[in-house]
Amino acid sequence: MASSILITGGAGYVGSHTVAALLEQSEPYEIVVVDNVSNAYMAEDQMKPEPIRIVEELTGKNVHFYNVDIRDAEKLSEVFNQHNIECVIHFAALKAVGESVAKPMEYYQVNISGTCTLFDIMRKHGVYKLVYSSSSTVYGEPQMLPINESHPTGLGMTSPYGKSKFFCEEIMKDICRSDTKWTVVSLRYFNPVGAHRSGRIGEHPSGIPNNLMPYISQVAVGRLPELLVFGADYETPDGTGVRDYIHVVDLAEGHVSAIRLLRLPSTAGFHAINLGTGVGYSVLQMIKAFEEASGRKIPYRIVGRRAGDIAANYADVSLSLKLLGWRTTRTLDDMCRDTWRWQSGNPHGFKKS
């Protein structure tokens with residue numbers, strides 16, 4: 001039986017782009033995806049979520065898909081029984097900062113309990129290699145910029161989402177200390193944006209978007225009347241929040257590099273690595289860049305700050321180059337242009353209308 005890579009949450013935004021990136025490699029990866037489709041679109045007459053179905057069309061390769069919630073230990077174990085899993089990429093999680101402030105229990109149940117269930121099933125099946133989808137929110141309020149991996153984590157954290165990622169990292173550190181068979185690479189994302197170059201897969205948020213880029217693109221395509229800018233009184237050059245935005249395909253390729261790192265015998269233990277560009281852009285800069293890429297005016301209104309937000313964060317990315325041999329290659333113009341290609345061609349996302 002050929003070895004497989006299991007991807008939890010593989011039908012989501014970053015997950016589906018990572019599936020595509022792996023299948024586009026010359027090495028013949030067999031991909032197994034488990035996803036409860038809470039953050040992915042699946043038509044009633046289809047057996048697989050739309051992003052997975054489209055990735056299969058784009059690559060000409062098959063993906064094994066299971067509609068499974070990672071908290072369901074029995075069904076998750078069945079997936080491991082059916083495939084020779086070599087390693088896991090763990091995306092499955094709830095991910096909206098603002099929503100997590102309003103619904104902390106749901107975030108802890110899915111993000112922490114689900115991760116513990118996954119680790120238990122992995123251990124029982126002798127699978128000890130994992131790439132974890134973490135977040136720059138584990139750094140809390142930045143004490144220095146750019147942020148490197150030695151920056152303290154868990155201090156002054158402002159959202160249950162960020163706390164859930166921090167708690168999971170602490171659990172993983174303890175597991176790796178307790179058993180040297182484990183290798184965990186925790187990739188601390190900054191802000192994924194953009195879409196696949198085909199324009200056929202991209203971000204498909206359910207309801208009103210919680211993140212900036214899909215909100216801007218839905219305003220541009222006419223689905224939303226205006227953009228709400230949460231706060232213009234931060235200590236930043238123009239008063240609006242500054243973030244390190246990374247093209248989702250660059251991010252996906254970072255996961256391919258992390259899989260290669262997992263396979264090195266010298267990398268046992270826990271490793272945290274930033275994935276970003278090392279450059280911060282403000283909300284107003286993002287609006288201007290998207291207007292130029294789309295040729296559309298983006299009406300916006302400044303309102304009060306949003307709970308859980310911070311003024312600025314952007315990455316020190318030197319470790320990702322050292323350990324992964326990886327750096328971003330796509331620009332802000334690429335991010336905006338690819339987002340617009342996806343959104344203008346799919347104004348309702350994966351839904352037809």
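Along each chain, residue indices are assigned from 1 in the same order as the chain's sequence is written. The predicted nature of this model means local features are confined to residues of pLDDT at least 70 and side-chain atom pairs, given and counted, to a pLDDT of 80 or more, with totals for whole chains, interfaces and linings taken over all residues. As a rule here, side-chain values cover all heavy atoms of the structure and leave hydrogens and water aside.

1. Some words on the overall build of the protein
The line we're drawing: Helix and strand assignments come from DSSP, with helices taken as H or I runs of at least 4 residues and strands as E runs of at least 2, each series counted from the N terminus. It is over C-alpha atoms that the radius of gyration is taken, and the globule rule equals 2.2 Å times the number of residues to the power 0.38. Contacts are residue-level and defined by heavy atoms, with any inter-residue pair within 4.5 Å sufficient.
Looking only at helices and strands, the protein has 11 helices and 14 strands in total. On C-alpha atoms alone, the protein measures out to a radius of gyration of 19 Å, which is about the 20 Å that the 2.2 N^0.38 rule sets for 353 residues. C-alpha extents for the protein along the principal axes are approximately 55 × 45 × 40 Å. Considering only contacts within the protein whose residues lie at least 6 apart along the sequence, 80% involve residues at least 24 apart.

2. Focus: the packing of helix H7 (residues 212–220) against helix H11 (residues 332–345)
Put simply, the rule reads: Only the contacting stretch of a helix is used when fitting its axis, a line to C-alpha atoms as for every element, and angles between N-to-C directions run 0 to 180 degrees. Orientation is classified from the angle alone, with under 35 degrees giving roughly parallel, over 145 giving roughly antiparallel, 65 to 115 giving roughly perpendicular, and any other angle giving oblique. Take the far helix as the reference: if the near one is turned anticlockwise from it by less than a right angle, the crossing is left-handed, and if turned clockwise, right-handed. Residue type decides the class: Asp, Glu, Lys and Arg count as charged, Ala, Val, Leu, Ile, Met, Phe, Trp, Tyr, Cys and Pro as nonpolar, and the leftover types, Gly among them, as polar.
Closest axis-to-axis distance for the H7/H11 pair is 10 Å, and the angle between their directions is 55°. Between H7 and H11, the interaxial angle falls into the category oblique. The crossing of H7 and H11 is right-handed. The residues of H11 that touch H7, namely those facing Met213, Pro214, Ser217, Gln218 and Ala220, are Met335, Cys336, Thr339, Trp340 and Gln343. Taken together, the residues of the contact of H7 with H11 sort by class into six nonpolar, four polar and no charged.

3. Looking at H11
For the record, the criterion: Helix span, expected: 1.5 Å multiplied by one less than the number of residues in the helix. Here a polar contact is taken to be a pair of N or O atoms separated by no more than 3.5 Å, where protein atoms must pair a possible hydrogen donor with a possible acceptor and residues adjacent in sequence count only if both atoms sit in side chains.
An ideal rise of 1.5 Å per residue puts 20 Å on 14 residues; H11 measures up with 20 Å between its terminal C-alpha atoms. Turning to H11, the residues buried within the fold contact strand S7 (191–193), H7, strand S10 (245–247), strand S12 (281–282) and helix H9 (283–294). N-cap assignment for H11: the residue whose side-chain oxygen lies 3.4 Å from the backbone N of Asp333 is Thr331.

4. Some points on the nonpolar core
Selection rule: We call a set of buried residues a nonpolar core when its members are Ala, Val, Leu, Ile, Met, Phe, Trp, Tyr or Cys and they connect through side-chain atoms within 4.5 Å of each other. Each residue's exposure class comes from its accessible area (1.4 Å probe, protein chains only) as a fraction of the maximum for that residue type: buried when under 20%, exposed when over 50%, partly exposed otherwise.
Among the nonpolar cores identified, the biggest contains 45 residues, and Ile5, Ile7, Val19, Ile31 and Leu187 are the most heavily contacted of them. The biggest single contributor to this core is helix H8 (residues 248–262), with nine residues. Setting aside anything within four residues of it in sequence, one finds Ile31 in contact with Ile5, Ile7, Val19, Leu22, Leu23, Val63 and His64.

5. Regarding unusual backbone geometry
Here the bond from Leu145 into Pro146 is cis, since omega is -5°, no more than 30 degrees from zero. One can find Pro146 in the loop between strand S5 (129–135) and helix H6 (160–178). Positive phi is not limited to glycine here, since Val37 has a value of about 65°. For Val37, the position within the fold is in the loop between strand S2 (30–34) and helix H2 (50–59).

6. Details of the pairing of strand S3 (residues 63–66)
The cut-off we apply is this: If DSSP finds at least two bridges between two strands, the strands pair. By convention, orient the strands away from the viewer: a clockwise path from the first strand over the helix to the second makes the crossover right-handed.
Note that S2 and S3 share four bridges and pair parallel. Opposite Val34, over in S3, you have Tyr66 as the bridge partner. After leaving S2, the chain enters H2 and then returns to the sheet as S3, a path that is right-handed.

7. Notes on the packing of aromatic side chains
As a reminder of what qualifies: Working definition: a ring pair exists when centres of Phe, Tyr or Trp rings (six-membered ring for Trp) sit within 6.5 Å. Plane angles under 30 degrees give stacked, over 60 give edge-to-face, the rest tilted.
As enumerated under the stated definition, the model contains six aromatic pairs in all. On the basis of an interplanar angle of 50° and a centroid distance of 5.7 Å, the ring pair of Phe166 and Phe167 is categorised as tilted. You can call Phe166 buried: its relative accessible area is 15%. On the basis of an interplanar angle of 90° and a centroid distance of 6.0 Å, the ring pair of Phe290 and Trp340 is categorised as edge-to-face. Of this pair, Phe290 sits in helix H9 while Trp340 sits in helix H11; the two residues are 50 residues apart in sequence, bridging distant segments of the chain.

8. What to know about the state of the cysteines
To keep it simple, the criterion reads: Two cysteine sulfurs form what is called a disulfide whenever their separation falls within 2.5 Å.
Under the counting rule described, the total for this entry stands at zero disulfides. With no disulfide of its own, Cys116 has Cys168 as its nearest cysteine by sulfur position, at a separation of 6.5 Å. Overall, the relative accessible area of 36% leaves Cys116 in the partly exposed class. Take Cys168: its relative accessible area is 1%, and that puts it in the buried class.

9. Considering helix H5 (residues 104–124)
Taking 1.5 Å per residue as the helical rise, H5 with its 21 residues ought to reach 30 Å, and the 30 Å between its terminal C-alpha atoms agrees with that figure. Directly beyond the C-terminal end of H5, a positive phi value near 70° is found at Gly126.

10. Concerning the sheet that holds S12
What the three strands build is an open sheet, ordered S12-S9-S14; its pairing is mixed. Two strands bound the open sheet, and with one partner strand each, they are S12 and strand S14 (312–313). Here strand S9 (residues 242–243) runs beside S14; their pairing, made up of two bridges, is parallel. Across the sheet, the residue bridging to Arg243 is Asn313, located in S14.

11. Here we look at the side chain of Thr277
Note that Thr277 resides in the loop between strand S11 (269–275) and S12. Reaching out from Thr277, the side chain makes a polar contact with the backbone nitrogen of Val279 at a distance of 3.1 Å. Beyond its immediate chain neighbours, meaning those up to four positions away, Thr277 contacts Asp244, Tyr245, Ile246, Val317, Thr328 and Met335.

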